[in-house]
Amino acid sequence: WARTKAKVRAEVDAIAQELGVLYQKRLHSPGHAYPVDTPWQHELEASFPYVETEDQLKAVADVKADMENPQPMDRLVSGDVGYGKTEVALRAAFKAVMDGKQVAVLVPTTILAQQHYDTFRAVKVELLSRFRTPEQQRGALAALAAGDVDIIIGTHRLLQSDVTFHDLGLLVIDEEQRFGVKHKEHFKALRAHVDVLTLTATPIPRTL
């Protein structure tokens, strides 16, 4: 038991040091400042079939303000299931795509990946999960690296070494409480300047 505790303590210390270096790098790295909303952005948002809640509108405004700032975004959106977090992410993703950037959406399950894929299909979007054959996955990865895919939605498959981006601008992590610390920091380590939008239905204290 003492050896196990010592090993875990050493691993936690190592991760903490890595995160410290990473966040220092992010703090001093210039991010991408997105322009103000395009007419197409307004058109997309006007097509939303529901009336936005005050919290939704505030979250969307805060996320857009972060994206228009040259400092890399690191924002957490917390809300119960059904409160419209995906709509906030969709608007952020569309804003990134309108400025020529790619978006990665990391989700914990194949079912959720498929649901998001169906929601986001208004733009050039691909899916990486066990629902796709190896051939389909290879095609999606090639298109992603070439810049022919705007949004990639995937499970832990997105964290593998053969996934490369042409110009990643935004990472959306959905149900972040389902991922480990090292999973969540993987993309940030690859792209110190990338904007990160985290979605969770778990109360903030546990998330932090």
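Every value quoted in this text rests on a predicted model; they were computed, and no experiment measured them.

1. Structural notes on the pattern of salt bridges
Going through the model one piece at a time under the given rule, you end up with 13 salt bridges. Among the salt bridges present, the one from lysine 101 reaches aspartate 167, with a minimum N-O distance of 2.9 Å. Taken together, the residues span a long stretch of sequence, with lysine 101 in the loop between α4 (85-98) and β2 (102-106) and aspartate 167 in the loop between β4 (151-154) and β5 (168-173) at a distance of 66 residues. On the basis of relative accessibility, which here comes to 11%, the residue lysine 101 falls in the buried class. Here aspartate 167 falls in the partly exposed class, since its relative accessible area comes to 28%. Through salt bridges with shared partners, a single network forms among Asp37, Glu45, Glu52, Lys64, Glu68, Glu87, Arg91 and Lys95.

2. Observations concerning the packing of helix α2 (residues 39-46) against α4
Helix packing geometry: the angle between the two helix axes and the distance between the axes. Interhelical geometry of α2 versus α4 gives an angle of 155° and a closest axis separation of 10 Å. Between α2 and α4, the angle falls in the class roughly antiparallel. The crossing of α2 and α4 is right-handed. Where α2 abuts α4, its residues Trp40, Gln41, Leu44 and Glu45 lie against Arg91, Phe94, Lys95 and Met98.

Procedures and definitions
- Residues numbered from 1 in each chain as written.
- Predicted model: local features only at pLDDT ≥ 70, side-chain atom pairs only at ≥ 80, totals over all residues.
- Heavy atoms only, no water.
- Salt bridge = Lys/Arg side-chain N within 4 Å of Asp/Glu carboxyl O.
- Helix = DSSP H or I, 4+ residues; strand = E, 2+ residues; numbered from the N terminus.
- Buried < 20%, exposed > 50% of the residue type's maximum accessible area, 1.4 Å probe, protein only.
- Axes fitted to C-alpha atoms, helices over the stretch in contact; angles between N-to-C directions.
- Parallel < 35°, antiparallel > 145°, perpendicular 65-115°, else oblique.
- Left-handed = near helix turned anticlockwise from the far one by under 90°.
- Contact = heavy atoms within 4.5 Å.

Read these as layout, nothing more, since geometry by itself doesn't imply function.
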